[in-house]
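Now for the letters of each chain:
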Amino acid sequence: MTQHQPVTVAVIGAGMAGLIAARELQRRGIDVVVLESASRPGGRMLAETTALGSRVDLGGQWIGHGHHRFEALAAELGTTVFAMRTPERPAIVDGAATVRYSSPAAVVAIASVIAWEVMCRTGIRPSRQERSVGSWLQRVPNRRARRILEVLVSVSTTADLDRFSMQAFLGMIRHEGGLTTMLATAGGAQDSLLVEGAGTLAERLAAGLDGKVVYDSPVTALHRDDDGVTVHSGTGVYRAARAIVTVPPPMAARIEHRPALPTGRIALQDNTYMGSVYKAIAIYDCPFWRERADAEFISLTVPGMAVFDTSPPDGPGHLCVLIAGPEARDIDKLGDTDRRSTILRTLAARLGTGVLEPRDWHEKSWHLDPHVGGGYVALPIIGHTDGLLPVSAEPTGHIHWAGAETAGEHAGYIEGAIESGVRVAGEVSAALGGDAALPRH
């Protein structure tokens, strides 16, 4: 007979939501274990140290305007916030050419963004709810305008636009306070950064849990009954009064449940997918390009990309690149050298040949990460509404649900993950008030 390890609460996933939930429960004197399939904490957050000693985030990194929980956590854990360097308007470039905001293409693209904002604020729905964003863009009467919108929407959502419905897109915009907010740096969703890297917060949270995080421990099954949950993992079997699942719905679908989950939860897991996103950060001695041009821009050449100057105040120079959707998967097909040179040539067209020789290079294709599956967020498959944000967090017996997708505010962001962790900890703590300290074995 398998020996069960008793614990009051088992948390599945050591991303931000799981770590926050575990910390909140531990602070209330509740015994907890965090089971993480990867060999590190953070989930969709990951910080690395560069050859020049600076820290860079290959995963979630930005503190958006109004992300008060994120700001408070950063201060509590001793990290340093700095404002993004950003121009009044990010440039739009097509090869070596700059697309003026007064050009027909930019005017049409801006008009489309305004139309989306109006539809969100007034509650207008697309005439066909299952129309994809890609098919909607085909109606835009300017090739370059279509490309501007394609890159903007891809980078902001990481969706395959032919698999992403206008209904889901407009719902996401509405939930986040508008596409302008989602895309903006100063005063928007990319307002500030941490010198030490946002991923450092996950590392410090995990370290503060006194060895309660168990790595390389994928959860394969959750068997619930009237007394609690039996958790089968790569490092053993745990018997818990309550379990908290914090991984995104498409990844949670890997876990076997007995008895079967309710049909709504199964549909949520089956009818969502993780977006595709590739991120690269080039490192230089200093942000020398500032003498020539601002480094925040959208590039329309293939692969389309968003570029940001994420250099910390005292250096060194950091250039951050995001490529999303099918073009993120396409760039995976290149070898390491070709992929790097393809991206750097795009940067050099605007910032000068000096960017072709970085001191260091960090990159990650999140859709290739077997523990995460992609980013930034779980997306509904076209024709389904199960994954519209925020997703349901209604408990299933002794199993509770958290994660960035469940947040009432800023779902899909680090701020939302923190909110969900605090919420579910309170929910579980209240439920345990009526439970025995430990379930029967």
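One structure accompanies this document, and this report is about it. Just so it is clear, the structure is predicted and the values come from calculations on it, not from any experiment.

If you check helix α13 (residues 414-432), its first and last C-alpha atoms are 27 Å apart, about what 19 residues at 1.5 Å a residue would give, namely 27 Å. Along α13, the residues that are buried comprise Ile 414, Glu 415, Gly 416, Ala 417, Ile 418, Glu 419, Ser 420, Gly 421, Val 424, Ala 425, Val 428 and Leu 432. The secondary structure elements touched by the buried residues of α13 are β1 (4-12), α1 (16-27), α2 (68-76), β12 (236-245) and β21 (399-401).

Within the element layout of this structure, Glu 415 appears in helix α13. Overall, Glu 415 belongs to the buried group, its relative accessible area being 1%. Along the chain, Glu 415 and Thr 181 lie 234 residues apart, while their C-alpha atoms are 15 Å from each other. Among residues more than four places away in sequence, those in contact with Glu 415 are Gly 66, His 67, His 68, Arg 69, Phe 70 and His 410. For Glu 415, the side chain forms a polar contact with the side chain of Arg 69, separated by 3.0 Å. At 2.8 Å, the side chain of Glu 415 forms a polar contact with the backbone nitrogen of Phe 70.

Our focus in this paragraph is a nonpolar patch on the surface. Together, Ile 110, Ile 114 and Val 118 make up a nonpolar patch on the protein surface, roughly 230 Å² of accessible area in all. Counting through the fold element by element, Ile 114 comes out in helix α3 (residues 104-122). On the accessibility criterion, Ile 114 (48% relative accessible area) is partly exposed.

Reading the values: the criteria
- Residues numbered from 1 in each chain as written.
- Predicted model: local features only at pLDDT ≥ 70, side-chain atom pairs only at ≥ 80, totals over all residues.
- Heavy atoms only, no water.
- Helix = DSSP H or I, 4+ residues; strand = E, 2+ residues; numbered from the N terminus.
- Expected span 1.5 Å × (residues − 1).
- Buried < 20%, exposed > 50% of the residue type's maximum accessible area, 1.4 Å probe, protein only.
- Contact = heavy atoms within 4.5 Å.
- Polar contact = N/O pair within 3.5 Å; in protein donor to acceptor, adjacent residues only side chain to side chain.
- Patch = residues over 30% accessible without salt bridge, like charges linked within 9 Å, V, L, I, M, F, W, Y side chains within 5 Å.
- Areas by Shrake-Rupley, 256 points an atom, 1.4 Å probe, with all protein chains shown as cover.
- Salt bridge = Lys/Arg side-chain N within 4 Å of Asp/Glu carboxyl O.

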